[in-house]
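Chains, contacts and geometry: an overview
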Amino acid sequence: MDFKKRMESEAYHFLREDKRLGNRIILLGLGGSYAYGTYHESSDVDFRGITLNLPSDLLGLSSFEQFEDRETDTVIYAFNKMVRLLLDCNPNTCEILGLDEEQYLIKTELGQELLDNRGLFLSKRAVRSFGGYAGAQLRRLQNASARDSLPQTEREKHILNSVRNALEDFERRYSSFDRGSIHLYIDKAENQDLETEIFVDAQYKHLPLRDYENMWSAMHNVVKDYDKVGKRNRKKDDDHLNKHAMHLIRLFMMAIDILEKGEIRTNRKDDLELLMKIRNGGFQKEDRTFSGEFYNLLADYEGRMEKASRESCLPDNPDMEKVEAFVERVNRIALDM
């Protein structure tokens, strides 16, 4: 596929016409399966990029974090937001700095400078960030497998576990709940269609509404997934399950590269045989659960990441003095454009 020709089509007019994009884009490249090398004929084409902040963002009252065009699956991050995400070794954004040369569609001098300085952002934070994303993928896998195979009472316990895990993710992102408490538990159902169900006792005072909304969404999304039982397309669902399983292993692969070699390697061409075997259902059993071989593979990668973390030469945290100097230099150029 000629991605550069695709980028120049009318569907991507915003790349040229939006005032925040155009010549302010410093990097634009492939995202998703085309970035990893795990695409097939029906895969979506995703573009991911970075654009410089406007002077009004840096000196005035405007603010900007990212541009999205859902029709073309394009996401372009503001430089300052990208830096914040990179400092946390966010997997979705680290990928942009680890593409093969031919996978970049736009790369300016500043874009190349960012690539040359990607080591500034690498630290042992990768263990938490990639491990957290991998844990979320594993829960999706386990949740989906449990949905159809467990009796209702056991399934409700499984949902409770998932909600608690979602809350752990929330606490990790938004700090601990110091303005109240929440207690989740299973009891005899009041809903006549269930035998048991999850109940919640919550008490908060002076909790920011947005924090509460985020917490509620985290719990709601887990329960909502279970409510889709019996309404799902089996083939499509299996495809998603295998995709989750593949990404779970891929995340560990990328984390190990970062910790062992200080490298971001998005295109997994050397691991393609294994990843595509997972993607194509090579480890899924007839009952839609995954084989012991897959979980042995997963345990091996978890062990390798833990070992890489202990032995890594990367710092615990990025050198913020160097990062600040680099960001200031780039933003001074953004002001002069």
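Summary of the structure given here.

Rules of the game
Residues numbered from 1 in each chain as written. Predicted model: local features only at pLDDT ≥ 70, side-chain atom pairs only at ≥ 80, totals over all residues. Heavy atoms only, no water. Salt bridge = Lys/Arg side-chain N within 4 Å of Asp/Glu carboxyl O. Helix = DSSP H or I, 4+ residues; strand = E, 2+ residues; numbered from the N terminus. Buried < 20%, exposed > 50% of the residue type's maximum accessible area, 1.4 Å probe, protein only. Pairing = 2+ DSSP bridges. Axes fitted to C-alpha atoms, helices over the stretch in contact; angles between N-to-C directions. Contact = heavy atoms within 4.5 Å. Patch = residues over 30% accessible without salt bridge, like charges linked within 9 Å, V, L, I, M, F, W, Y side chains within 5 Å. Areas by Shrake-Rupley, 256 points an atom, 1.4 Å probe, with all protein chains shown as cover. Phe/Tyr/Trp six-rings, centres within 6.5 Å; stacked < 30°, edge-to-face > 60°. Lys NZ or Arg CZ within 6 Å of the ring centre and 35° of its normal.

1. Topic: the pattern of salt bridges
Overall, the coordinates contain 19 salt bridges when judged by the stated rule. A salt bridge links E95 to R250, with the nearest nitrogen and oxygen atoms 3.5 Å apart. Separated by 155 residues along the polypeptide, E95 in the loop between α6 (91-94) and β5 (104-107) and R250 in helix α11 (residues 234-261) bring together distant segments of the chain. Across this residue pair, the class does not change: E95 and R250 are buried. One salt bridge connects R332 with E328, and the closest N-O pair in it is separated by 2.9 Å. With R332 and E328 both in helix α14 (residues 320-336), this residue pair falls four residues apart, about one helical turn. Take E328: its relative accessible area is 42%, and that puts it in the partly exposed class.

2. Re the sheet that holds β5
Spatial strand order, β3-β4-β2-β1-β5: five strands in an open sheet with mixed pairing. Looking at which strands have only one partner, the edges of the open sheet turn out to be β3 (66-69) and β5. Pairs of neighbouring strands in the sheet enclose a mean axial angle of 15°, with direction left out of account. Of the strands in this sheet, β1 (25-31), β2 (46-51), β3 and β4 (74-78) are in contact with helix α5 (residues 79-87), which crosses β4 at around 90°. Most of the contacts of helix α7 (residues 109-116) go to β1, to which it runs at about 65°, and overall it touches β1, β2 and β5.

3. So, the side chain of D257
The topology assignment puts D257 in helix α11. In contact with D257, not counting residues within four places along its chain, are G262, E263, R265 and R268.

4. Some details on unusual backbone geometry
Positive phi, close to 55°, is recorded for D73, a residue that is not glycine. With respect to the helices, strands and loops of the structure, D73 is situated in the loop between β3 and β4. Take D73: its relative accessible area is 30%, and that puts it in the partly exposed class. Phi at C89 is positive, roughly 55°, even though this residue is not glycine. Mapped onto the elements, C89 comes out in the loop between α5 and α6.

5. Looking at a nonpolar patch on the surface
On the surface, L209, Y212 and W216 cluster together into a nonpolar patch covering about 370 Å² of accessible area. Looking at where W216 falls in the secondary structure, it is placed in helix α10 (residues 209-226).

6. Regarding the environment of L58
In this fold, L58 is placed in helix α4 (residues 55-59). Separated by 22 residues in sequence, L58 and N80 place their C-alpha atoms 9.3 Å apart. Discounting residues that sit within four places of it in the chain, L58 has contacts with N53, N80, N331, A334 and L335.

7. Notes on the packing of aromatic side chains
Think of a pair of aromatic rings as described by two things: how far the centres are apart, and how the planes are tilted against each other in angle. Enumeration according to the criterion identifies nine aromatic pairs in this entry. With a centroid separation of 5.3 Å and an interplanar angle of 45°, the aromatic rings of F290 and F294 are classed as tilted. Taken together through their ring pairs, the aromatic side chains of Y12, F14, F47 and F67 make up a single cluster. Between the NZ or CZ atom of R250 and the centre of the ring of Y36, over which it lies, the distance is 3.8 Å.

8. A look at the pairing of β4
Counting buried positions over the five residues of β4 gives five, a clear majority of the element. Taken together, the five bridges between β2 and β4 define a ladder with parallel strand orientation. By the bridge assignment, I50 is partnered in β4 with Y77. Bridge count for β3 against β4 is four bridges, and the pairing is antiparallel. Paired with Q66 across the strands is Y77, a residue of β4. Hairpin connection from β3 to β4: four residues lie between these consecutive antiparallel strands, with D73 at a positive phi of about 55°.

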